[in-house]
Each structure stands twice: as C-alpha cells, then as structure tokens.
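Results of the structural survey
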Amino acid sequence: MKKLIFTFILATALMVSGTHESSAAASTYKVKKGDTLYKISRMHNVSVNNLMKWNGIKSSVIYPNQTLKVISGGSTTAAKKPAKKPAKTPSRSDNDTVKKEFIANSSAYTASCKGCSGITKTGLNLKKNPSLKVIAVDPLVIPLGSKVHVEGYGYAVAGDIGGAIKGNRIDVFMASHNRAIQWGRKNVRVKVLN
C-alpha cells in the first residue's frame, strides 16, 4: 500500500512539474479572418515585435489560416497590467514609447459608402465594428499593425491603406459619412508607438 501511495504522489508531482515547464513552451495560433498581429499579441499577452521575430515576419500583414508561433510565459512576454489600475484605452499600454513623430495631412473615410466592403487591408471588419479606431497609412511610413496616436482622433491602429495615401498622409476611419465630412482635411501630429 505504501508503494502505491508513493507511486501516486510521485506521478502527480511529475505531472505538475511537467505542466509547469511546458507553460513556457511555444504553442501555435491559427490566424482567423479579422485578426491582426496587434489583436493576437493582446490575446496572448506578448508584443507585436516578438510575434514578428518568432515567426520571421518582416511586415505586419498576416493572412487567414496562417499558423503563428506564440511563446507564452518566460521573460519574453509582455507584462500584465496590475488589476487595480483602470484601463486607459484598449490600444494604449503604460509602456508605449514613441518610435516616430511627425505632422501628417489627414482626411477621413467611412465604410458606409456605396460599394465599400468595410474590410481593411489587415482584415478588420469596420462595418461590424464601427467603434474601432483605425487609420489608413502608407506602410512605408507607418507599418501596418502599428499603434499610433493621432492628434484630435486618439489612439488607433494602422490597419488600412489607400490609393491616395502616400508619404505623410493618413486617412482616419469614421463610423458615419457625416463624421467623416466634419473631420475634413487638416494637418495633425501623429505619434507611432512601440
């Protein structure tokens, strides 16, 4: 009987220690339609830069059914925010640093125009999610998937492109045509965040 109890305790200890060790191991994630690197990074509490590094990705563009390596646990994961601090904005964390800052000529666009699909270049569905803060960018200036802060618009994600968006130009997404008209065309300060 003592041998049986000892064997049970030893087996339980090995299972628990094995589970603990595998929590820092790599796992995979299959990209779904509408996913972005930023969204996946928040789901797994890792940085976009780490996701790109672990998967050998040079651009922030990902595709449905693509399999990404996601490493959870260990020192490479992003730190979780303490529960006592109120969340500022979903796309804003306390450790953001400004990678680039410049003045951009901005205009506004909407997904509610005739013939518009409402799906961004990175796969975001703006018709189903009209409260998203998304800007269209020139990916050579602001990489797709980057977090940004736009003066007068707030924190957003660089999730779309446009034929006329070249150089230091951006297009901010508005839920309605009237709000897009109200935004108009103006120069704004843009901060590209880490």
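Everything below is about the structure printed above this text.
A few points on the structure. (Residues numbered from 1 in each chain as written. Predicted model: local features only at pLDDT ≥ 70, side-chain atom pairs only at ≥ 80, totals over all residues. Heavy atoms only, no water.)

In terms of regular secondary structure, the chain is built from four helices and eight strands. The helix and strand sequence of the chain, counted from the amino end, reads α-β-α-α-β-β-β-β-β-β-α-β. For the chain, with 194 residues in total, the buried portion stands at 37%. A separation of at least 24 residues holds for 68% of the contacts in the chain among residues at least 6 apart in sequence. About 11,900 Å² of surface is accessible on the chain, with carbon and sulfur atoms providing 59% of the total. (Helix = DSSP H or I, 4+ residues; strand = E, 2+ residues; numbered from the N terminus. Buried < 20%, exposed > 50% of the residue type's maximum accessible area, 1.4 Å probe, protein only. Contact = heavy atoms within 4.5 Å. Areas by Shrake-Rupley, 256 points an atom, 1.4 Å probe, with all protein chains shown as cover.)

Moving on: the environment of H177. Positionally, H177 belongs in helix α4 (residues 177-183). You can call H177 partly exposed: its relative accessible area is 48%. Measuring from C-alpha to C-alpha, the distance between H177 and T110 comes to 6.0 Å, with 67 residues separating the pair along the chain. Beyond its immediate sequence surroundings of up to four residues, H177 is in contact with T110 and S112.

This part takes up the pattern of salt bridges. Using the criterion set out here, one finds two salt bridges in the structure. Residues K39 and D35 are paired through a salt bridge, measuring 3.6 Å at the closest nitrogen-oxygen approach. Look at K39 and you get partly exposed, because its relative accessible area is 39%. For R189, the salt bridge identified is with E101, shortest N-O distance 3.2 Å. Residue R189 is located in strand β8 (residues 186-193), and its partner E101 is located in strand β3 (residues 98-110); the two are separated by 88 residues in the primary sequence. Residue class for R189 comes out partly exposed when judged on its relative accessible area of 37%. Residue E101 is classed as partly exposed on the basis of its relative accessible area, which comes to 39%. (Salt bridge = Lys/Arg side-chain N within 4 Å of Asp/Glu carboxyl O.)

Below, the discussion takes up unusual backbone geometry. Backbone geometry follows two general trends: most residues other than glycine have a negative phi, and most peptide bonds adopt the trans configuration. A positive phi angle is found at N45, which is not glycine, with a value near 55°. Unlike most non-glycine residues, N65 shows phi in positive territory, near 75°. Looking at the element boundaries, N65 is found in the loop between α3 (48-55) and β2 (67-71).

This next bit is on the nonpolar core. Nonpolar side chains in soluble globular proteins tend to end up buried together. Counting residues in each nonpolar core, the largest one holds 31 residues, and the members touching the most others are I135, I142, V150, Y153, I170 and V172. Elements represented by at least two residues in this core include exactly β3, β4 (134-136), β5 (147-150), β6 (154-160), β7 (169-174), α4 and β8. Apart from residues lying up to four places away in sequence, Y153 is in contact with L132, K133, V134, I135, V172, F173, M174 and W183. Judged by nonpolar contacts, the second largest core, of 15 residues, contains L37, Y38, I40 and L51. (Core = buried A, V, L, I, M, F, W, Y, C linked by side-chain atoms within 4.5 Å.)

Before going further, it helps to examine the packing of aromatic side chains. Inspection of the entire model under this criterion finds two aromatic pairs. In this arrangement the basic side chain of K133 is found over the ring face of Y153, its NZ or CZ atom lying 4.3 Å from the centre. One cation-aromatic arrangement involves K186 over W183; the distance from NZ or CZ to the ring centre is 3.9 Å. (Phe/Tyr/Trp six-rings, centres within 6.5 Å; stacked < 30°, edge-to-face > 60°. Lys NZ or Arg CZ within 6 Å of the ring centre and 35° of its normal.)

Relative to the helices and strands, H149 is located in strand β5. Overall, H149 belongs to the partly exposed group, its relative accessible area being 24%. The spatial distance from the C-alpha of H149 to the C-alpha of E101 is 9.4 Å, given a sequence separation of 48 residues. When residues no more than four places from it in sequence are discounted, the contact partners of H149 are G154, Y155, R189, V190, K191 and L193.

All quantities given are derived from atomic positions and should not be read as evidence of function.
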